[in-house]
Amino acid sequence: MSDLRTQDAASGSSSGSRRRTWAELLAGRVERQLRGPGRGHRLQDSAVHLLRRHLNLDDLLLEVEGPACKTLCLNQLGDPGASANLSSSFIGSALRDQASRLGVPVAVLSSQTVASSIMQICSSNGEPTHRVLLNAEQRKKLSSVLEVAQYLLAHSMFSRFSFCQELREVQNFLLLEAVWHLHVQNIVSLQELLESHADTQAIVAWLFRDLCLLCEQMEVSTQDTDIAQAMLSDFVQLFVLRGFQKSSDPRRNMEPERMAQLAIAVLRRMLIFALEALATGLQDESPVYKAVKCWFGMFCGHTFGRMMSTDCPKRFFSHTLTQVLTHKPVLKVSDAVRLQRDWSFAKTHPLLSSLYRRLFVMLSPEELIGHLEEVLGTHEVNWQHVLSCVSTLVICSPEAQQLVQDWVTRLLARAFESCDLDSMVTAFLVVRQAALEGPSVFPSYADWFQASFGSTRGFHSGSKKTLVFLFKFLSDLVPFEAPRYMQVHILYPPLVPSKYRSLLTDYVTLAKTRLADLKVSVENMGLYEDLSSAKDVTEPHSQAHQDVEKAIAVFEHTGKVPVAVMEASIFRRPYYMSHFLPALLTPRVLPRTPDSRAALIESLRRADKIPPSLYSTYCQACSSAAEKKPENAALGTKTEAICVEPLGLLAAALRELRTTMTDPTQYDVFSAQMAVVSERLSSALGLGEEDGSFEESQVQVNIFSPELEPQDQQVADLLLTSFCQNLIAANGFTPPDRQGPWAAHFVTSLCGRRLLPIVLTRLCQLLRHQGPGLSASHVLGLAALVIHLGECRPAVPEVHVASPAPVKSLPLPEFLSSLLTLRTAEASLFCLKFCTAAISYSLCKSSSQSKDILCSCLSPALMKKFQFILFRLLSEARGPLSQEDTAGPPWKLLCLPSADWQRAALCLWKQRTFQELLQEKEFHLTYRDWLQLELEIQPEFDSLSDMERWDFHQWAIHEHFLLKPSEAGGCDGDMQTACTVLVDVLIDFCQSLRSYNCLENSDLVLSCTGNRDIFSRLQEMAADLEQGPVAPQRCSPSQGHFLFRVFRRRLQALASGWDVAARLQRQQELLVYRWILLGLPPSILVGSPQNKQPATPDCTEFFHLVNSELGLLNTCSQSRDPSLTANLILTTCQTECPIVVTSALLWWPRLEPELHTRWRRCFQGPLPQELQRLWEAQLFGKSCLSSDLASPPPGPAWVSAAALHFAIQQAEETRIKSQLEKLNCQSEELLVVLFFFSLMGLLSSHLTPHAVDFLKAVDICAEILRCLDKRKVSWLVLFQLTDTDGGLGQVLLRLAPDPYIRLLPFAFYSLLSYFDEDAFIREDAFLRVAVDMYLKLICLFVTGETSAVSALAGRSQELQGQGDPVGLIIKARHFLLQSIPRCPEKSFANMAELLATSGHCDPEVSAALLSRHQAVSDDDLYQEPHLF
């Protein structure tokens, strides 16, 4: 425009004249045309048109006079940096002024200005035009423009119509994200934009193009994923809502609105694009693949979940399914019959299967079947899509099997009713397709065909017309169908009346002719062939061997000759005689004890199913085989010698490969020779083409006893030796970073499915078991090999580490690092060498690559082991680095003949790149890592002396890790944190594989393996916490001691439940806790008593642990008044932790001498009063069973009862009854508690029969029960204990483990034969307790908690017939049903409440109780009242 002005000035007046402005020129034109009619209106329209068509609106605005700042603000509307200080109201004012000067509506000018700004933003990026997303700068600018537009819209200064007209002109240059922002911010809806465009095809093409690009870019761009996802979701929702919205007035018959047409057209175009892409074959991760995957991902609940109604999505999904099923129906029925086995669920493209599954979510199985039926009846269909849809339906929907069967039944009925060929075709195709998915989801085709046509109830049996129709249809299928289906039709033929037998005969002749053309014989079919599958037919001799193995397996399971074998001997005699029997009677050396094969042969011979001549020939051949066995052994040696030839060829090829190392950069020469090596390798190991990929998800290696076949080991040694030699040869010419990819190529050839386990097993033998004996060249070569194997991690599965302990799976780099052990001095030195070589090689090979690539090449475990062993063996590395070495890694030093490994390790430690790598969090050697590695060291084989090891531990704990921040793997200066981590790691180690064998002796957890000095460090640190200067830092009482916090956390993390595995795991954990507690100061158990007296030590946490998990004997801690402290502790124990007291009584004979000696030596006084009471209780227990006069029982009564119980347990069995007769003189409370202890002993005889004599336990319980009944003492309270009970009840609950308390119903009914017959009448509560125990016993049986009792009873001859929970329940039930009618009325009090909670366990017993209770109540109604 400025050019035009220049030209006007040049051609006009002289240089001195003033140039007129654009406004003056316009005003002059207005004056000349002002008088004409309607001129003003036409002039305004012309101005608007001019503005709209102008290429640069900003230049036009600059010509209009006005405040400079207002003009500037319009020019910079899309620049947030320039207009940051300008408000929307100011911009609106500027637009109003300019519109007034131009004589145009402000709404029109505003719309044009905003549209121009948006287009400038969309075109501001210099990137290619095939983009739909804005960059960050463009989004920022667009946000500023939209903020102004919203202000203008709110103040009626914006015309949506004009705005749409402006954008329509530049539609192809408009980015889709900008359109989305306009839509979601309500500037102008997408519907308005689309409807303003007159060319429907153009707008559909534009949307289709941009949606495809959006799908592609969403899979590629990670920064804009959320925005792209929201865009696509909003667009799809809008299209579905507008395209599939049902008309509000169903009576209106009108064309769909234009927006609906647009929406449906766009959705259809996208689906067709995806289906055609799938049909042409997609390469994974190609742009089209990503676009299709993204578009199919929109068919999900997340996309349509925000829609108010599901009607629109449901109609859309149905419409989409119809389009898929009818897309390009070019395949004929004959093609479908021939090809349908390739359309199963497993062979369908995963993207198409995922689309089906997403469509199935919105439609019920019934709706899907109905929709399929409707589409097949009204459209030409794509059979591949229809049948793959059927496969997906039966796989993904459990209800589909019956629905498909019902559908097929309807199709058959319709077909035979009117000879409808279409329905017949559909039925057979659908059934065959569903049967392809296996019998777990649909009956086999053979079963279906036999069920449908093998009886008189079949649809074909109605008339001759239906029979002709069936066989005509089957005959038409013969040229196209697979042999399996014809075999089914022949072996399971339709049932045909005799007068129409010729129809069947003609078909069989035709089918056999076709099978003969295909070289398939019906007579040679196997016994166990899967006729439901459409796979290729197996050769008869191959199938016969499979049949023999299957028949032997069935015979082992049933003990009878399989039915299939017996039927074949009669009905399929050619196959049975020609193939099955020869495979079964293969000559061999017969075992001394007949095996399953020999037993099956003998059974067939006795049944006359083996001809005598054939059996005689078999026996002679077996005898000959036994005589020729030594010759066979010699032949085997010859065979091994022959096998040397492939190994020799492989060795020769590997030697040729080494010659290419003179110039390893010549990759073509190396690749050619490597192809020869691969071919020789396949010949040596018998590898097939399938060895290149992994079908299994794991590679299994036994690291403790790795074994290989001799030939496999020779192959592995050839390959590993060749790699090491090639590496040394290549290093003589060029460094690793300039050697090319030869090493990676070589290692890739080792990663086949068959070869990788061999290589890894051999590496395990070399590194884990023979490492210290390897030469320097082997160390260098194997270290480089490990680095390259680690780079192959994405292409290989995890390694399944097999061992006696629980197995685990490791990524390949972590598995290779785990092969480096540290147990001995030699192993530690080898680990230092290997880690130094591996890390140096990796740094040298990747010197020019980024840090991320370096991190991906190195295993964190390898880096941590290097740091650990370096700190341990080289004290120079423990200090701070004076300066980092800028030289390269010490790889060259290691390649020298006389390499100094320790010097090389220090050089690597000081290397700058290595120190930078150590800043990565994954390479931090944490305090926990250090403890785990240090525990592996065996002190007796350590290279450090005891003092050197102590000095290293002190440095590592107190100087290195304690002061380091937690982010760097330290303890933040907190000693408690250090102790907590140490205890946690120590327990993990004791439970781990490395100490597996030592856990058999729980008292010597670290006696065989592991650094015992680590536990000494724990003892020192615990003492420092209790008494040292860091004692004030202890946690508050509410948090508890760190040791018990660790115990609680670990116990809570263990699996809950009462199954054997959970209990054993918990017991194993508790054994380690006991070992740790016994090795730490007593003050940890009871706290440190304060100087002020008297004071009760804090035993809360210890009591909680003992009550819930352990059984430990506590000792009092030292204090200013030991006797008082001991008395206070034991008094508290009697109520809070009584099991400690009973433990002391049990072990008193061994505890008392040591206790007396220590107490007198330390305090020169008598035992405290509470300990004296324990001695008196022990004395009482012994006196009760002696002939002397019994001493008085000390208090409390349960302590005396416990002492008496232990004395009874230790007494001779022959004297028990006579000794127990003296109990009649004891107190009632003591007898009741003694009965409780005897019940616990009875349960122990079931749970631990090797420790407690069952018969003795029963006799004790019976005698005490007799004594209680004789004295009329009630003992039922023992079976009604609850946590809310105070006093004695609470003590008893704390004396027994929870499993024992839960098994009290079992103990109750184990003594059933010893109950007093009058107990029901004498005690009102007896019936309620008996019913309660019975119902709880049933619950225990149902939940499986009696399984431990029954399992142990089954293994113990003493308990045979005594520990059967089922038998006990039957006896208890019989006892109750007999006793209920004799119970008095008072016995039924509160019975209804009990039955309401547990009565459903036995309805008959509940009914008997309710009936008896009702009868008693009715009798009371008819009794005469006692008036006088």
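Cut-off values and rules
Residues numbered from 1 in each chain as written. Predicted model: local features only at pLDDT ≥ 70, side-chain atom pairs only at ≥ 80, totals over all residues. Heavy atoms only, no water. Helix = DSSP H or I, 4+ residues; strand = E, 2+ residues; numbered from the N terminus. Buried < 20%, exposed > 50% of the residue type's maximum accessible area, 1.4 Å probe, protein only. Contact = heavy atoms within 4.5 Å. Areas by Shrake-Rupley, 256 points an atom, 1.4 Å probe, with all protein chains shown as cover. Axes fitted to C-alpha atoms, helices over the stretch in contact; angles between N-to-C directions. Parallel < 35°, antiparallel > 145°, perpendicular 65-115°, else oblique. Nonpolar A, V, L, I, M, F, W, Y, C, P; charged D, E, K, R; others polar. Expected span 1.5 Å × (residues − 1). Salt bridge = Lys/Arg side-chain N within 4 Å of Asp/Glu carboxyl O. Core = buried A, V, L, I, M, F, W, Y, C linked by side-chain atoms within 4.5 Å. Phe/Tyr/Trp six-rings, centres within 6.5 Å; stacked < 30°, edge-to-face > 60°. Lys NZ or Arg CZ within 6 Å of the ring centre and 35° of its normal. Left-handed = near helix turned anticlockwise from the far one by under 90°. Patch = residues over 30% accessible without salt bridge, like charges linked within 9 Å, V, L, I, M, F, W, Y side chains within 5 Å. pLDDT = per-residue confidence, 0-100. Polar contact = N/O pair within 3.5 Å; in protein donor to acceptor, adjacent residues only side chain to side chain.

## Re the overall build of the protein
Turning to step 1, where the next piece is worked out: Helix and strand counts for the protein stand at 70 helices and three strands.
Turning to step 2, where the next piece is worked out: Burial statistics for the protein: of 1428 residues in total, 48% are counted as buried.
Turning to step 3, where the next piece is worked out: The contacts in the protein between residues at least 6 apart in sequence include a share of 75% that link residues at least 24 apart.
Turning to step 4, where the next piece is worked out: When the accessible surface of the protein is totalled, it reaches about 69700 Å², and 53% of it is carbon and sulfur.

## Focus on the environment of Leu-581
Turning to step 1, where the next piece is worked out: One can find Leu-581 in helix H30 (residues 573–584).
Turning to step 2, where the next piece is worked out: Along the sequence, Leu-581 and Leu-614 sit 33 residues apart, while their C-alpha atoms lie 9.0 Å from each other.
Turning to step 3, where the next piece is worked out: Beyond its immediate stretch of four places on either side in the chain, Leu-581 contacts Tyr-576, Lys-609, Ile-610, Pro-611 and Leu-614.

## Some details on the packing of helix H15 (residues 287–296) against helix H19 (residues 350–362)
A packed helix pair is summarised by two numbers, namely the angle formed by the two axes and the spacing between the axes.
Turning to step 1, where the next piece is worked out: At a minimum axis separation of 10 Å, H15 and H19 run at an interaxial angle of 10°. Compared by their axis directions, H15 and H19 come out roughly parallel. In this structure, H15 uses Tyr-289, Val-292, Lys-293 and Phe-296 to contact H19, whose residues at the interface are Leu-351, Leu-352, Ser-354, Leu-355 and Arg-358.
Turning to step 2, where the next piece is worked out: Of the residues assigned to the contact of H15 with H19, the class counts are six nonpolar, one polar and two charged.

## Focus on helix H37 (residues 755–769)
Turning to step 1, where the next piece is worked out: Under the 1.5 Å per step criterion, the end-to-end length of H37 is 21 Å for 15 residues, consistent within 8% with the ideal 21 Å.
Turning to step 2, where the next piece is worked out: Buried residues dominate H37, accounting for 13 of its 15 residues.

## Re the pattern of salt bridges
Turning to step 1, where the next piece is worked out: Here the structure, examined in full by the defined rule, presents 37 salt bridges.
Turning to step 2, where the next piece is worked out: With a shortest N-O distance of 3.1 Å, Asp-929 and Lys-864 are connected by a salt bridge. Of the two residues, Asp-929 sits in helix H46 (residues 927–935) while Lys-864 sits in helix H42 (residues 860–873), which places them 65 residues apart along the sequence. We note that Asp-929, like Lys-864, is buried.
Turning to step 3, where the next piece is worked out: One salt bridge connects Asp-988 with Arg-1050, and the closest N-O pair in it is separated by 2.8 Å.

## So, the nonpolar core
Turning to step 1, where the next piece is worked out: Residues Ile-118, Leu-232, Phe-239, Phe-296 and Phe-428 are the most contacted members of the largest nonpolar core, which totals 155 residues.
Turning to step 2, where the next piece is worked out: Sequence-distant contacts of Phe-296, that is, excluding residues within four places in its chain, are made with Leu-271, Ala-274, Leu-278, Leu-351, Leu-352, Ser-354, Leu-355 and Arg-358.
Turning to step 3, where the next piece is worked out: Counting residues in hydrophobic clusters, the runner-up holds 139 residues, among them Leu-785, Leu-816, Leu-822 and Trp-901.

## A word on the packing of aromatic side chains
Turning to step 1, where the next piece is worked out: Following the criterion strictly, the structure yields 49 aromatic pairs and no others.
Turning to step 2, where the next piece is worked out: Ring plane angle 70° and centroid distance 5.8 Å describe the contact between Phe-316 and Phe-317, whose orientation is recorded as edge-to-face.
Turning to step 3, where the next piece is worked out: Of the residues examined, Phe-317 reaches a relative accessible area of 1% and is grouped as buried.
Turning to step 4, where the next piece is worked out: Where Phe-428 meets Phe-453, the ring centres are 6.1 Å apart and the plane angle is 20°; that geometry is what we call stacked. With Phe-428 in helix H23 (residues 421–435) and Phe-453 in helix H24 (residues 445–453), the pair connects residues that are 25 residues apart, well separated along the chain.
Turning to step 5, where the next piece is worked out: A relative accessible area of 2% places Phe-428 in the buried class.
Turning to step 6, where the next piece is worked out: Taken together through their ring pairs, the aromatic side chains of Phe-416, Phe-428, Tyr-445, Trp-448, Phe-449, Phe-453, Phe-459, Phe-469, Phe-473 and Tyr-485 make up a single cluster.
Turning to step 7, where the next piece is worked out: Just above the ring of Phe-208 sits the side chain of Arg-269; from NZ or CZ to the centre is 4.3 Å.
Turning to step 8, where the next piece is worked out: The ring of Tyr-485 is capped by Arg-432, whose NZ or CZ atom sits 4.0 Å from the centre of that ring.

## Observations concerning the side chain of Ser-353
Turning to step 1, where the next piece is worked out: Relative to the helices and strands, Ser-353 is located in helix H19.
Turning to step 2, where the next piece is worked out: Residue contacts for Ser-353: discarding those within four places in its chain leaves Phe-345, Thr-348 and Thr-392.

## Let's talk about helix H25 (residues 464–477)
Turning to step 1, where the next piece is worked out: With 14 residues, H25 extends 20 Å between its outermost C-alpha atoms, agreeing within 8% with the 20 Å of an ideal straight helix rising 1.5 Å per residue.
Turning to step 2, where the next piece is worked out: All of the buried residues in H25 are Thr-466, Leu-467, Phe-469, Leu-470, Phe-471, Phe-473, Leu-474 and Leu-477.
Turning to step 3, where the next piece is worked out: Tucked inside the fold, the buried residues of H25 contact helix H18 (333–339), helix H22 (400–418), H23, H24, helix H26 (483–491) and helix H27 (501–517).

## Describing the packing of helix H40 (residues 825–845) against H42
Turning to step 1, where the next piece is worked out: One can describe the packing of H40 onto H42 by two numbers: an axis separation of 9 Å at closest approach and a directional angle of 130°. The angle between the axes of H40 and H42 places the two elements in the oblique class. For the element pair H40 and H42, the recorded crossing hand is left-handed. In this structure, H40 uses Ser-828, Cys-831, Leu-832, Cys-835, Thr-836, Ala-838 and Ile-839 to contact H42, whose residues at the interface are Leu-862, Met-863, Lys-865, Phe-866, Ile-869, Leu-870 and Leu-873.
Turning to step 2, where the next piece is worked out: Class assignment of the residues belonging to the contact of H40 with H42 gives a composition of 11 nonpolar, two polar and one charged.

## Focus: unusual backbone geometry
Turning to step 1, where the next piece is worked out: Although it is not a glycine, Asn-186 sits at a positive phi angle of roughly 60°.
Turning to step 2, where the next piece is worked out: Here Asn-186 lies in the loop between helix H10 (176–184) and helix H11 (190–195).
Turning to step 3, where the next piece is worked out: Positive phi outside glycine occurs at Lys-1272, with the angle close to 60°.
Turning to step 4, where the next piece is worked out: Following the sequence through the fold, Lys-1272 ends up in the loop between helix H61 (1254–1270) and helix H62 (1288–1295).

## Details of a nonpolar patch on the surface
Turning to step 1, where the next piece is worked out: Taken together, Phe-1341, Val-1342, Val-1366 and Ile-1370 make up a surface patch of nonpolar side chains, about 370 Å² in accessible area.
Turning to step 2, where the next piece is worked out: Among the elements of the structure, helix H66 (1326–1343) and helix H68 (1365–1379) are those that each provide at least two residues to the nonpolar patch.
Turning to step 3, where the next piece is worked out: For Ile-1370, the location among the structural elements is in helix H68.

## A word on the confidence of the model for the protein
Turning to step 1, where the next piece is worked out: In the predicted model, the protein carries a mean pLDDT of 77, and 76% of its residues have values of at least 70.
Turning to step 2, where the next piece is worked out: A low-confidence stretch, residues 531–535 stays under pLDDT 50, and its non-local contacts, those more than four residues away or across chains, total 18 contacts.

## Structural notes on the environment of Phe-555
Turning to step 1, where the next piece is worked out: Within the secondary structure, Phe-555 is located in helix H28 (residues 540–558).
Turning to step 2, where the next piece is worked out: Each C-alpha atom of the pair Phe-555 and Ser-596 lies 7.4 Å from the other, and the pair is 41 residues apart in sequence.

## Some points on the side chain of Thr-326
Turning to step 1, where the next piece is worked out: By the secondary structure assignment, Thr-326 is in the loop between helix H17 (311–325) and H18.
Turning to step 2, where the next piece is worked out: A distance of 2.7 Å separates the side chain of Thr-326 from the backbone oxygen of Thr-322, its partner in a polar contact.
Turning to step 3, where the next piece is worked out: Beyond its immediate sequence surroundings of up to four residues, Thr-326 is in contact with Val-375, His-379, Glu-380, Val-381 and Asn-382.

## Section: the environment of Ala-435
Turning to step 1, where the next piece is worked out: Topologically, Ala-435 is positioned in helix H23.
Turning to step 2, where the next piece is worked out: We classify Ala-435 as buried; its relative accessible area is 3%.
Turning to step 3, where the next piece is worked out: Sequence separation between Ala-435 and Ser-391 is 44 residues, and the spatial gap between their C-alpha atoms is 8.7 Å.

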